[in-house]
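Structure assessment
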Amino acid sequence: QVQLVESGGGSVESGGSLRLSCAASGYTARNYRMAWFRQAPGKEREGVAAIDSGGTTNYAASVKGRFTISQDIAKTTLYLLMNDLKPEDTAMYSCAAKFAPVVGASLWDGAYDDWGQGTQVTVSS
């Protein structure tokens, strides 16, 4: 059974940085896509950044140039480096994955089967 465990959230002032981590376990497929989503109170969940096993990345327009998605060499941990954080980045951030012969770094939540519990990011002005 796939498990995704996020960490690294917290509170930061506007302009600050955080790095989120998502530790993945219980998977056997060599091909996959993984992504970070966020949901603020009263808003729909939105895809923030995604990566596939071929290294293709995709970013939401609102975070492009500020956020970077990456993986460790063993590809067991997904990261999201968030720079120049803004109050509108405040949300619960969740890691998602689909371990299957897939291609493409989708930002659509329907493209993912497995989800973590989330980690809260709060940015104050």
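Just above sits the structure.
Reference entry: report on the structure contained in this document. Every chain's residues receive numbers from 1 upward, in the order its sequence appears when written. In keeping with the predicted nature of the model, local features appear solely for residues at pLDDT of at least 70, side-chain atom pairs appear and are counted solely at 80 or more, and the whole-chain, interface and lining totals rest on all residues. In computing side-chain values, all of the structure's heavy atoms are included and hydrogens and water are not.

1. Side note on the overall build of the protein
Looking only at helices and strands, the protein has zero helices and 11 strands in total. By the criteria applied, helices consist of DSSP H or I runs no shorter than four residues and strands consist of E runs no shorter than two, each listed in order from the N terminus. Reading the secondary structure of the protein in the N-to-C direction produces β-β-β-β-β-β-β-β-β-β-β. C-alpha atoms define the radius of gyration in this analysis, and the globule rule sets the expected value at 2.2 Å times the number of residues to the power 0.38. Relative to the 2.2 N^0.38 estimate, which gives 14 Å for 125 residues, the radius of gyration of the protein is 14 Å and therefore close to what a compact globule would have. The dimensions of the protein, computed from C-alpha atoms along their principal axes, are 40 × 30 × 25 Å. When accessible area is computed with a 1.4 Å probe and restricted to protein chains, residues below 20% of their type maximum are described as buried, those above 50% as exposed, and intermediate ones as partly exposed. Every one of the 125 residues in the protein was classed for burial, and the buried ones make up 44%. Residue contacts are counted whenever heavy atoms from the two residues lie within 4.5 Å of one another. Here the contacts in the protein between residues at least 6 apart in sequence split such that 62% fall between residues at least 24 apart.

2. A few points about the nonpolar core
What makes a nonpolar core is a set of buried Ala, Val, Leu, Ile, Met, Phe, Trp, Tyr and Cys residues whose side-chain atoms join them at distances within 4.5 Å. By size, the foremost hydrophobic cluster in this structure holds 29 residues, and its most contacted members are Met 34, Trp 36, Leu 80, Met 82 and Tyr 93. The element that contributes the greatest number of residues to this core is strand E9 (residues 91-99), accounting for five residues. Beyond its immediate sequence surroundings of up to four residues, Leu 80 is in contact with Leu 18, Arg 19, Leu 20, Trp 36, Val 48, Ala 49, Phe 67, Thr 68, Ile 69 and Tyr 93. Listed in part, the seven residues of the second largest apolar core include Ala 35, Ala 96, Ala 105 and Ala 111.

3. A short note on the state of the cysteines
Disulfides are defined as pairs of cysteine sulfur atoms found within 2.5 Å of each other. A full pass over the atoms with the stated rule returns one disulfide. Bridging Cys 22 to Cys 95, the disulfide has an S-S length of 2.1 Å. Because the torsion about its S-S bond is -75 degrees, the bridge between Cys 22 and Cys 95 counts as left-handed. Of the two residues, Cys 22 is situated in strand E3 (residues 18-25) and Cys 95 in strand E9; the sequence distance between them amounts to 73 residues. Taking the relative accessible area as the measure of exposure, Cys 22 reaches 0% and is therefore buried.

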